[in-house]
Amino acid sequence: MRKILIIEDNNEIRENIAEILELDGYEPLEAANGKEGVQIAVDQHPDLIICDIMMPELDGYGVLHILAKKEQTANIPFIFLTAKAEKTDIRKGMNLGADDYLTKPFEDTELLDAIQIRLKKTEALKKEYNSSADGLNQFIKDVKDFHDLSHLHENKKPRYYKKKHDIYREGEYANYVYFVASGKVKSIRTNEDGKELITSIYTAGEFFGYEALLENIEHPDSAETMEESEVIQIPKEEFFDLVYSNREVSRKFIELLSNKVSEKEEKLLHLAYNSVRQRTAEALLTISEKFNPEQKANFELSVSRDDLANMVGTATESVIRVISDLKDEDIVETRSGKIVIKDPDKLVQIQKWHFAR
């Protein structure tokens, strides 16, 4: 049973809220003032806090300020109650980290709806995400669904790009987050000798270019279309509304982006120690996940040998030799230059062989 803490100095209001919550299947915890509420929050760790603003001794702002500084209570959803509806009160509460705001008097359904929505949002952010671009994009999708962030890319007209067209170049300052409406985009790193390495591939429904924006640095890589594509540019101010307007979202973003460091380190280890054969198998599996997410049989992967070589980090000729070997072993086949993976399990075995030795 979900525990909800009610911090309200008016006995009649507090008891009425507790009765409503109990009837709806919640376990209410009651506190008659701010100091008592802080102690109960620390001891009981409720799933959500409903707190009046105007209280003697310690007001609602003080309660939120104290709980936000404690690790064990910082992420508990917090809903303010107030008899006032002035914008300054609302802004002050939200700046301190409140998640919602109800003005007294309110309907029973209004209270219960606010609680249910807030708990659903919090539950979504407790979900574990893979330390990968896929995990981060899934997180963005979940946050967008629960936090009404459709404005991030909806009602924005996509820009059309031809194949092999630059979206941004390494060294340019980041002013946008990008959303792939259709097509495919690759991110590229270039070394001093001009050799390219494909670091990621983005397909329809995925965001990219956000790392440089969050770090407030120049783009460390370039982005280029792999085929005719439509891309939406989201101004950084709107993206920061997502990252900074909600403490739960901010915390999860930081967690996921820090995990990407480990992912990149692992990729560097693969480049350093895995054979060209292993890296080619890994690249083919990655491309298959992106281009053929439903894993349909006999799906033709349309990827150039140059792009594949840039993913593997080797010469095009070397990749062509590996593909030829894989064809001889009946693991893949080629059709008019396109690659069909016939035995993905064997590709996985090749990819993992180094670590099994």
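Described in the following lines is the structure provided in the data block. Counting restarts for each chain: residues are numbered from 1 in the order of the written sequence. Local features are withheld for residues below a pLDDT of 70 in this predicted model, meaning they are given only at 70 or higher, and side-chain atom pairs are given and counted only at 80 or more; totals for whole chains, interfaces and linings count all residues. Values reported for side chains reflect all heavy atoms of the structure, with hydrogen atoms and water molecules removed beforehand.

**Here we look at the overall build of the protein**
No. 1: Secondary structure elements are defined from DSSP: runs of H or I of at least 4 residues count as helices, runs of E of at least 2 residues count as strands, and each element is numbered from the N terminus. Looking only at helices and strands, one finds 13 helices and 16 strands in the protein.
No. 2: Working definition: with a 1.4 Å probe on protein chains only, accessible area under 20% of the residue-type maximum means buried, over 50% means exposed, and in between means partly exposed. Split into buried and exposed, the 357 residues of the protein put 46% on the buried side.
No. 3: Whether two residues are in contact is decided by their heavy atoms, any of which lying within 4.5 Å being enough. Long-range contacts, defined as pairs at least 24 residues apart, comprise 68% of the intrachain contacts of the protein with a sequence gap of at least 6.
No. 4: In the structure as shown, the protein presents an accessible area of about 18,600 Å², 47% of it carried by carbon and sulfur atoms. Using the Shrake-Rupley algorithm and a 1.4 Å probe, accessible areas are obtained, with residue cover drawn only from the displayed protein chains.

**Things to note about a negative patch on the surface**
No. 1: A cluster of acidic side chains, namely E107, D108, E110 and D113, defines a negative patch on the protein surface.
No. 2: Structurally, E110 is set in helix α5 (residues 108-126).
No. 3: With a relative accessible area of 37%, E110 lands in the partly exposed category. Residues with no salt bridge and a relative accessible area higher than 30% make up the patches, which join like charges within 9 Å and nonpolar side chains (Val, Leu, Ile, Met, Phe, Trp, Tyr) within 5 Å. Each reported salt bridge corresponds to a side-chain nitrogen of Lys or Arg within 4 Å of a carboxyl oxygen of Asp or Glu. As used throughout, the charge tally considers Lys and Arg to be positive and Asp and Glu to be negative, leaving His and the chain termini uncounted. The location of each charge is read from NZ of Lys, CZ of Arg, CG of Asp or CD of Glu.

**Looking at the side chain of S222**
No. 1: One can find S222 in strand β12 (residues 222-225).
No. 2: Side-chain atoms alone can form a polar contact between residues adjacent in sequence; in general such a contact is a pair of N or O atoms within 3.5 Å, and within protein one must be able to donate a hydrogen while the other accepts it. Here E170 takes part through its backbone nitrogen, which lies 2.8 Å from a polar atom of the side chain of S222.
No. 3: Once residues within four sequence positions are removed from consideration, S222 is found in contact with Y168, R169, E170, K186, S187 and I188.

**Here we look at the sheet that holds strand β3 (residues 48-52)**
No. 1: Here, any two strands with at least 2 DSSP bridges between them count as paired. Strand order across the open sheet formed by 5 strands is β2-β1-β3-β4-β5, with parallel pairing between neighbours. Looking at the sheet topology across the chains shown, the edges are occupied by β2 (27-31) and β5 (100-103). Within this sheet the neighbouring strands show an average axis-to-axis angle of 20°, counted without direction.
No. 2: Inspection of the sheet shows strand β1 (residues 3-7) paired to β2 by 5 bridges, in the parallel sense. When the sheet's bridge partners are listed, I7 is paired in β2 with A31.
No. 3: Each axis is a line fitted through C-alpha atoms, and for a helix only the stretch in contact is used; angles between axes span 0 to 180 degrees, taken between their N-to-C directions. Packing against the sheet, helix α2 (residues 34-44) makes contact with β1, β2 and β3, and its axis sits at approximately 140° to β2.
No. 4: Its contacts with the sheet place helix α3 (residues 60-69) against β1, β3, β4 (78-82) and β5, and it is angled at close to 170° to β4.

**What to know about the packing of aromatic side chains**
No. 1: Any pair of Phe, Tyr and Trp rings, taking the six-membered ring for Trp, is counted once the centres come within 6.5 Å. Such a pair is stacked with planes under 30 degrees apart, edge-to-face with planes over 60 apart, and tilted for the rest. Taken as a whole, this structure holds 9 aromatic pairs when the rule is applied.
No. 2: Here the aromatic rings of Y178 and F208 are separated by 5.3 Å at their centres, their planes lie at 20°, and the arrangement is stacked. Here Y178 is found in strand β8 (residues 176-182), whereas its partner F208 is found in strand β11 (residues 207-208), with 30 residues between them in sequence.
No. 3: Judged by relative accessible area, F208 falls into the buried class, the value being 0%.

**Some thoughts on the packing of helix α10 (residues 276-291) against helix α11 (residues 305-312)**
No. 1: With their axes 9 Å apart at the nearest point, α10 and α11 run at an angle of 115° to one another. When the axis of α10 is compared with that of α11, the two are roughly perpendicular. The crossing of α10 and α11 is right-handed. Within the contact between the two elements, α10 uses V276, R279, T280, A283, L284, T286 and I287 and α11 uses L308, M311 and V312.
No. 2: Of the residues assigned to the contact of α10 with α11, the class counts are 7 nonpolar, 2 polar and 1 charged. In these notes the angle categories are as follows: under 35 degrees is roughly parallel, over 145 is roughly antiparallel, 65 to 115 is roughly perpendicular, and the rest is oblique. Whether a crossing is left-handed or right-handed is set by the direction in which the near helix is turned from the far one by less than a right angle, anticlockwise for left-handed and clockwise for right-handed. Residues were grouped as follows: Ala, Val, Leu, Ile, Met, Phe, Trp, Tyr, Cys and Pro as nonpolar; Asp, Glu, Lys and Arg as charged; and all remaining residues, including Gly, as polar.

**What about the pattern of salt bridges?**
Pairs can form between side chains of opposite charge once their charged atoms are near each other.
No. 1: One pass over the full model with this rule turns up 14 salt bridges.
No. 2: Between E294 and K296 there is a salt bridge, with its nearest N and O atoms 3.8 Å apart.
No. 3: Overall, E294 belongs to the exposed group, its relative accessible area being 62%.
No. 4: Across the salt bridge formed by E333 and R335, the nearest N and O atoms sit 3.2 Å from each other.
No. 5: Its relative accessible area of 25% is what places E333 among the partly exposed residues.
No. 6: Each of E8, D52 and K104 takes part in salt bridges that share partners, so that together they form one network.

**Some words on the nonpolar core**
Soluble globular proteins tend to pack their nonpolar side chains together in the buried interior.
No. 1: To define a nonpolar core, start from buried Ala, Val, Leu, Ile, Met, Phe, Trp, Tyr and Cys residues and group those joined through side-chain atoms within 4.5 Å. Among the nonpolar cores identified, the biggest contains 25 residues, and L284, I287, L308, L326, I339 and L347 are the most heavily contacted of them.
No. 2: Among the elements of the structure, β10 (196-203), α10, α11, α12 (316-328), β16 (338-341) and α13 (344-356) are those that each provide at least two residues to this core.
No. 3: If you tally residues by element for this core, the top one is α10, at 6 residues.
No. 4: Grouped together as the second largest cluster of nonpolar side chains are 21 residues, V38, I40, L58 and Y101 included.

**A look at the pairing of strand β15 (residues 332-335)**
Within a regular strand, the side chains alternate between the two sheet faces.
No. 1: Across 4 bridges, the pairing between β15 and β16 is antiparallel. Bridged to V332 within β16 is I341.
No. 2: Linkage of β15 to β16, two consecutive antiparallel strands, is achieved through a turn of 2 residues, within which S336 is found at a positive phi near 55°.

**What about the packing of α11 against α12?**
No. 1: At a minimum axis distance of 8 Å, the contact between α11 and α12 shows a crossing angle of 100°. Taken as axis vectors, α11 and α12 run roughly perpendicular relative to one another. In this structure, α11 uses R305, D306, L308, A309 and V312 to contact α12, whose residues at the interface are T316, V319, I320 and I323.
No. 2: Split by residue class, the contact of α11 with α12 holds 6 nonpolar, 1 polar and 2 charged.

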